[in-house]
Amino acid sequence: MAFVDVAGVTALAVTAMNLPDGRVVVENPPPQLPRVLEMFWSGLDRIEVAL
Amino acid sequence: MTSTVTTHEAFVHPALFYRTEQEYTRQTVAFLREGLTNGEPMAVAVPGPNLELIKAGLGGDAEDILFLDMTEAGRNPGRIIPKVLRGFADAHPKGRVRIIGEPIWAGRSAVEYPACAQHEALINAAFEGRAVTILCPYDEVGLDPEVIADAKVTHPTVISGDGRESVSDAYDWQAVVDRYNQVLAPAPDAAAFSYGGEDLPAVRQFALAQAMRLGMAGERLMDVELAVAELTTNSVVHGGGRGTLAVWAEQGQLVCEVRDAGRLTDPLAGRRPPERGQLGGRGLMLVHYVSDLVRVHTGDDGTTVRFYLSL
């Protein structure tokens, strides 16, 4: 995937926040993902970004 | 300085008109000491030199106050409400919070000013009914008389340099939002791309290519792509299904403009922070967050959104 917009990051963040336990690991995400996560979900530890 | 006129109101939003550094320091420090006495969480977002005046005036009492350089945090006036003001107030939901916000300083450009005035007006809508006090200093010597006159329209009360507070008879914040909803004439030398729903990836690539051609580099290219994606997607979903992107450079800034047939009916669109679990409501806010300036014109004939990034 080369690009993700705010709606795409939102879907991922909200899914991760609603997990009963555990976390989402995203490997080699498009560069927009960490930028948007930091902008709107700073400190969300339910998502691990693996570069 | 004590707020004798408006302390019974939930939201208190006076303008302070100062003429000297001494007046500035005396009135802002008195405002903050009143907050210290009341035990209120406090933030100060003003241009750097004025931050130093306030810190020096407060001495050791400055420790628990959040200080932000407004020329950085509020470079784009459109992000001051969600990021600076709501950011601080929402983090302190119990009891009254007290903020000094100085979004308009001598040196704001003519292109920036309409967005600054609209920001000051929209504070009244954003904090209606909330236990928040925001004092907005205005440099009566360095700013144009028109700016001072507008401040009397965007603030329900005004405080003079000697601390006298009075009700502003001119207060009518919606009038300022409307007055600065100014038509944005097309740039004659812009590179343009008309798009529909099937063209969203192509219009992003066009924006990136034009931004690079005009000298944009590094991480801000990603911000260009993100902001263009949000605005062009809005055109497709809410703005009649299609639009036109124009890209050009002026005064050392990259300018990207999206025109479509939609109409923005919510004056606080892009300035109302969503709950963390909310699915929508971040697109226009992202444009405000990454840009140095956003200008908007909306009406029956459609909407134009321009965002500016320094090259």
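What counts, and at which threshold
- Residues numbered from 1 in each chain as written.
- Chains lettered and ligands numbered in written order.
- Predicted model: local features only at pLDDT ≥ 70, side-chain atom pairs only at ≥ 80, totals over all residues.
- Heavy atoms only, no water.
- Helix = DSSP H or I, 4+ residues; strand = E, 2+ residues; numbered from the N terminus.
- Buried < 20%, exposed > 50% of the residue type's maximum accessible area, 1.4 Å probe, protein only.
- Contact = heavy atoms within 4.5 Å.
- Buried area = accessible area lost by both parts, 1.4 Å probe.
- Polar contact = N/O pair within 3.5 Å; in protein donor to acceptor, adjacent residues only side chain to side chain.
- Nonpolar A, V, L, I, M, F, W, Y, C, P; charged D, E, K, R; others polar.
- UniProt positions renumbered as here; feature names shortened; annotations may be inferred.
- Pairing = 2+ DSSP bridges.
- Axes fitted to C-alpha atoms, helices over the stretch in contact; angles between N-to-C directions.
- Domains from an automatic or database assignment.
- Salt bridge = Lys/Arg side-chain N within 4 Å of Asp/Glu carboxyl O.
- Core = buried A, V, L, I, M, F, W, Y, C linked by side-chain atoms within 4.5 Å.

(A) Quick peek at unusual backbone geometry. Unusually for a residue other than glycine, N28(A) sits at a positive phi of about 45°. Assignment of secondary structure puts N28(A) in the loop between strand 1 (24–27) and helix 2 (32–40). Of note in this structure, Q251(B) is not a glycine but carries a positive phi near 50°. Counting through the fold element by element, Q251(B) comes out in the loop between strand 10 (242–250) and strand 11 (253–260). Residue class for Q251(B) comes out exposed when judged on its relative accessible area of 79%.

(B) Expanded view of the interface of chain A and chain B. The partner chain B presents 16 residues to the 17 residues of chain A that form the contact. Interface area for chain A against chain B, summed over the two sides, is near 1,500 Å², with a carbon-plus-sulfur share of 69%. If you sort the residues of chain A by the area they bury against chain B, F3(A), R35(A) and F40(A) come out on top, with a joint share of 37%. Our enumeration of links across chain A and chain B arrives at four residue pairs in polar contact (both at pLDDT 80 or more). If you list the elements that add at least two residues to the side of chain A that touches chain B, you get helix 1 (6–17) and helix 2 of chain A. Among the elements that line the side of chain A that touches chain B, the one with the most residues is helix 2 of chain A, at five residues. The class makeup of the residues in the side of chain A that touches chain B is eleven nonpolar, four polar and two charged.

(C) Representation of the UniProt feature "domain: MEDS" (unreviewed entry) in chain B. Within this structure's numbering, the places UniProt gives as "domain: MEDS" (unreviewed entry) are residues 13–156 of chain B. In residues 13–156 of chain B, the share of helix is 48% and the share of strand is 19%. The end C-alpha atoms are 7 Å apart.

(D) Layout of the UniProt feature "domain: Histidine kinase/HSP90-like ATPase" (unreviewed entry) in chain B. Mapped onto the present numbering, the UniProt feature "domain: Histidine kinase/HSP90-like ATPase" (unreviewed entry) falls on residues 198–307 of chain B. Between the end C-alpha atoms of residues 198–307 of chain B there is a gap of 23 Å, over a span that is 38% helix and 27% strand.

(E) Spatial organisation of the sheet that holds strand 12 (residues 293–299) of chain B. All names here are of chain B. Strand order in the open sheet formed by five strands is 9-10-11-13-12, and the pairing between neighbours is antiparallel. Looking along the sheet, the strands with just one partner apiece sit at the ends: strand 9 (191–196) and strand 12. Ignoring which end each strand starts from, the neighbouring axes of this sheet average 15° apart. Bridge count for strand 9 against strand 10 is six bridges, and the pairing is antiparallel. Bridge pairing in strand 10 links F193 to L245.

(F) View of the domain arrangement of chain B. Residues and elements named next belong to chain B. In terms of domains, chain B is made up of domain 1 (14–180) and domain 2 (191–310). Relative placement of domain 1 and domain 2: their C-alpha centres are 28 Å apart. In this assembly, 17 residues from domain 1 lie in contact with 15 residues from domain 2. Of the roughly 1,500 Å² buried where domain 1 meets domain 2, counting both sides, 59% is carbon and sulfur surface. Contact with domain 2 buries surface across domain 1, with N76, P82 and V111 losing the most and accounting together for 30% of the total. Counting the contacts that link domain 1 with domain 2 gives zero salt bridges. Counting across the interface, domain 1 meets domain 2 through seven residue pairs in polar contact (both at pLDDT 80 or more). The greatest single-element share of the side of domain 1 that touches domain 2, amounting to six residues, is contributed by helix 5 (residues 113–126). A class-by-class count of the residues in the side of domain 1 that touches domain 2 yields nine nonpolar, three polar and five charged.

(G) Expanded view of the pattern of salt bridges. Residues and elements named next belong to chain B. Under the definition given, this model contains 19 salt bridges over all chains. E112 serves as the salt-bridge partner of R75, at 2.8 Å between the closest nitrogen and oxygen. One end of the pair, R75, is in the loop between helix 3 (70–73) and helix 4 (80–91); the other, E112, is in the loop between strand 5 (97–101) and helix 5, and 37 residues separate them in sequence. A relative accessible area of 27% places R75 in the partly exposed class. The partner of E225 in a salt bridge is R204, and the shortest N-O contact between them spans 3.6 Å. In this pair, E225 sits in helix 9 (residues 219–238) while R204 sits in helix 8 (residues 200–213), placing the two residues 21 residues apart along the sequence. There is no split in this pair, since E225 and R204 are both buried.

(H) Just the nonpolar core, in detail. Residue and element names in this part refer to chain B. With 50 residues, the main nonpolar core has V224, L245, L286 and F307 as its most contacted residues. Ignoring any residue separated from it by four or fewer positions in sequence, one finds L245 in contact with A191, A192, F193, Y195, V203, F206, A207, V228, C256, E257 and V258. Counting 39 residues, the second-largest nonpolar core is a separate cluster that includes M70, I80, F127 and L143.

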